[in-house]
Amino acid sequence: MLKSSSFWRTVWGGLRMCESKPHIFAPRACRTVQATSCVLVRPRVLACGDCSAATVATADMNRESFAAGERLVSPAYVRQGHEARRSHEHLIRLLLEKGKCPEDGWDESTLELFLHELAIMDSNNFLGNCGVGEREGRVASALVARRHYRFIHGIGRSGDISAVQPKAAGSSLLNKITNSLVLDIIKLAGVHTVSNCFVVPMATGMSLTLCFLTLRHKRPKAKYIIWPRIDQKSCFKSMITAGFEPVVIENVLEGDELRTDLKAVEAKVQELGPDYVLCVHSTTSCFAPRVPDRVEQLAVICANYDIPHIVNNAYGVQSSKCMHLIQQGARVGRIDAFVQSLDKNFMVPVGGAIIAGFNDSFIQEISKMYPGRASASPSLDVLITLLSLGSNGYKKLLKERKEMFSYLSNQLKKLSEAYNERLLHTPHNPISLAVTLKTLDEHREKAVTQLGSMLFTRQVSGARVVPLGSVQTVSGYAFRGFMSHTDNYPCAYLNAASAIGMKTQDVDLFIKRLDKCLKTIRKEQNRESDVSGIDSYDKTEDVDNEEMALKLDNVLLDTYQAAAS
């Protein structure tokens, strides 16, 4: 448990202690004394009279309010209500003192009390506030204000996304507490030696770009980023956007798995020269049959050649395997930062990421690279979520995800065997699975993409069908076999993933719909074989409802392909 004074110095940052009485905390410029809640000030702590005319003991104010209530309602009832409120305040005080995610989740009334107490510490919510600047937290719509719990000022200042705003003490505290809770969860998930992190209101791709731009100042000669191939557009474009040339390292096929070619990585470092390599950009979470990079060995190579190492851990927080790879990589070699998505790991709306690392100063440099203030929405979303779940609730979700992975794997294996296909053997991928589509691909050229279209129109989201020979250009770079992470994978396949929040009914419904789609395609293939010698007029006689649905799927094929890309 952190000592109260040191913790408050860290959390409040831009708020200062009273110089004449160091045990007393007063807001900068002493303007927010009246707005500061009794919940967020330690009991019997006064705002110093030397600093402000409003020398009020908030604990005494609270007592006086309840005492006044006793003249209207039975004192016994009021005392009972007072004790009930104190139980909420106790949870909030523990959060502020420890800076860690509570073991058990909070109820909504405690959460809303906490958010309300924070919000009234921002200047836009001061009673009688007079704002004459260009950014005073004015909101035209009351609905918008309520949607954001009246946190209007955002987080950070123009020079640092982690800095405290003098006019937004509540938002600043929200930001600090959120970062502290997220750091606690990352440690709980398996990266025990992580030293610092912050929530950034950008998705994973732009957050990676921010890391690369920070490294630019440290390595002025660097032109290249070494990148073991993963066919996902945003992580590739993050390097292009930062102004660097990606050096694509093709994966090697080991059994069914696509794995990191370590010899090719090291050879490329030697060929280009370490000084001209900005970093190695590795990946943990990915679509099977690709598996997480050999992060430990890459970390050793980076340490040996003094090259930074940035890890794309987009949806890896939910996987103990992915987090273990990062922990081990930092232990045996070098990892400068790892980036993870908020929505994929914490089930919040899209638009936020966590940048974390093992060196405080480098993570602070990244936060200072962010230009201007930032939206507080991602921080608010993940704060509410983690306080609602508690650490026990989040651990339960992680456990359930592992169970769903095993269940999904077993169900896909049974179904694939029924259609003379097989579940690809990818034991190093803890999240994604792949099923071969050889029989579909052999019978008809468009059958594979047709299956994807059928699933999409039947409201199955997230499944990916990967045909052979697909070519796609991304930011001027042509990728053969795009989506398969290699130029020539041996077969077409279907992807499905067991991500956090998945339920048994999701798996069951997916298997049922996939089975129906495969039956329809198989029936169509058999009919084509049977009527190969009959003219087109006779063929139309046998068109049934399933064929009509098939034609509809073909019409919507382009829609599916656009969504999948």
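Residues numbered from 1 in each chain as written. Predicted model: local features only at pLDDT ≥ 70, side-chain atom pairs only at ≥ 80, totals over all residues. Heavy atoms only, no water.

**Describing the overall build of the protein chain**
Reasoning step 1: When helices and strands are counted, the protein chain shows 20 helices and 16 strands.
Reasoning step 2: By residue count, 52% of the 565 residues in the protein chain fall in the buried class.
Reasoning step 3: When contacts within the protein chain are restricted to residue pairs at least 6 apart in sequence, those whose partners lie at least 24 apart make up 71%.
Reasoning step 4: A total accessible area of about 26,000 Å² is found for the protein chain, and carbon and sulfur atoms account for 52% of it. (Helix = DSSP H or I, 4+ residues; strand = E, 2+ residues; numbered from the N terminus. Buried < 20%, exposed > 50% of the residue type's maximum accessible area, 1.4 Å probe, protein only. Contact = heavy atoms within 4.5 Å. Areas by Shrake-Rupley, 256 points an atom, 1.4 Å probe, with all protein chains shown as cover.)

**Things to note about unusual backbone geometry**
Reasoning step 1: Omega for the peptide link from Ala 288 to Pro 289 comes to 10°, which places this bond in the cis form.
Reasoning step 2: When you line up the elements, Pro 289 lands in the loop between β8 (277–283) and α10 (295–305).

**Thoughts on empty space enclosed by the protein**
Reasoning step 1: One pass over the structure, following the stated rule, counts six cavities of 30 Å³ or more.
Reasoning step 2: Here the second largest cavity is characterised by a volume of approximately 90 Å³.
Reasoning step 3: Together, 14 residues line the second largest cavity, and Ser 416, Glu 421, Val 435, Leu 437 and Leu 518 are the ones closest to its centre.
Reasoning step 4: Contributing elements (two or more residues each) for the lining of the second largest cavity: α14 (377–418), β12 (432–436), α15 (438–443) and α17 (504–530).
Reasoning step 5: Its residues assigned to classes, the lining of the second largest cavity shows nine nonpolar, three polar and two charged. (1 Å grid on protein atoms, 1.4 Å probe; cavity = no way out; pocket = protein on both sides within 12 Å on 5 of 7 lines; lining within 4 Å. Points joined across faces, edges and corners; volume = space filled by probe spheres on them. Nonpolar A, V, L, I, M, F, W, Y, C, P; charged D, E, K, R; others polar.)

**Examining the pairing of strand β4 (residues 224–228)**
Reasoning step 1: The buried fraction of β4 is high, at five of five residues.
Reasoning step 2: Burial along β4 is two-sided: the residues Tyr 224, Ile 226 and Pro 228 and Ile 225 and Trp 227 are all buried.
Reasoning step 3: Sheet topology note: the β4/strand β5 (residues 245–249) ladder contains five bridges and is parallel. Across the sheet, residue Ile 225 finds its bridge partner in β5, namely Pro 246.
Reasoning step 4: Each parallel crossover has a hand, and the one from β4 via helix α8 (residues 233–241) to β5 is right-handed.
Reasoning step 5: Pairing between β4 and β8: three bridges, direction parallel. When the bridges of β8 are listed, Ile 225 appears paired with Cys 279. (Pairing = 2+ DSSP bridges. Right-handed = clockwise from strand over helix to strand, strands pointing away.)

**Observations concerning the nonpolar core**
For soluble globular proteins, the rule of thumb is that nonpolar side chains tend to be buried together.
Reasoning step 1: By size, the foremost hydrophobic cluster in this structure holds 48 residues, and its most contacted members are Ile 186 and Phe 346.
Reasoning step 2: Among the elements that line this core, the one with the most residues is helix α6 (residues 169–189), at nine residues.
Reasoning step 3: Ile 155, Cys 211, Trp 227 and Ala 353 belong to the second largest nonpolar core, which has 45 residues in total. (Core = buried A, V, L, I, M, F, W, Y, C linked by side-chain atoms within 4.5 Å.)

**Digging into the packing of helix α3 (residues 75–98) against helix α4 (residues 108–119)**
Reasoning step 1: Close contact between α3 and α4 brings their axes to 10 Å; oriented N to C, the two are set at 65°. As summarised for this structure, α3 and α4 are arranged roughly perpendicular, according to the angle between their axes. Where α3 crosses over α4, the two elements pack in a sense that is right-handed. Contacts between α3 and α4 pair Arg 85, His 88, Leu 91, Ile 92 and Leu 95 from the former with Ser 109, Thr 110, Leu 113, Phe 114 and Glu 117 from the latter.
Reasoning step 2: Of the residues belonging to the contact of α3 with α4, the class tally is five nonpolar, three polar and two charged. (Axes fitted to C-alpha atoms, helices over the stretch in contact; angles between N-to-C directions. Parallel < 35°, antiparallel > 145°, perpendicular 65-115°, else oblique. Left-handed = near helix turned anticlockwise from the far one by under 90°.)

**Comments concerning the pattern of salt bridges**
Reasoning step 1: A full pass over the atoms with the stated rule returns 18 salt bridges.
Reasoning step 2: In this structure, Asp 306 engages Arg 334 in a salt bridge whose closest nitrogen and oxygen atoms are separated by 2.9 Å. Residue Asp 306 is located in the loop between α10 and β9 (309–312), and its partner Arg 334 is located in the loop between α11 (320–332) and β10 (337–341); the two are separated by 28 residues in the primary sequence.
Reasoning step 3: A relative accessible area of 23% places Arg 334 in the partly exposed class. (Salt bridge = Lys/Arg side-chain N within 4 Å of Asp/Glu carboxyl O.)

**Focus: the UniProt feature "binding site: tRNA" (unreviewed entry) in the protein chain**
Reasoning step 1: Taking the UniProt record as the reference, the feature "binding site: tRNA" (unreviewed entry) is found at Arg 331, Arg 458 and Lys 523.
Reasoning step 2: With respect to the secondary-structure elements, Arg 458 resides in the loop between α16 (447–457) and β13 (464–466).
Reasoning step 3: Using a relative accessible area of 23% as the deciding quantity, one classes Arg 458 as partly exposed.
Reasoning step 4: Structurally, Lys 523 is set in helix α17. (UniProt positions renumbered as here; feature names shortened; annotations may be inferred.)

**With respect to the environment of Glu 112**
Reasoning step 1: Looking at the secondary structure, you find Glu 112 in helix α4.
Reasoning step 2: Take Glu 112: its relative accessible area is 43%, and that puts it in the partly exposed class.
Reasoning step 3: When the C-alpha positions of Glu 112 and Tyr 149 are compared, they lie 8.8 Å apart, and in sequence the two are 37 residues distant.

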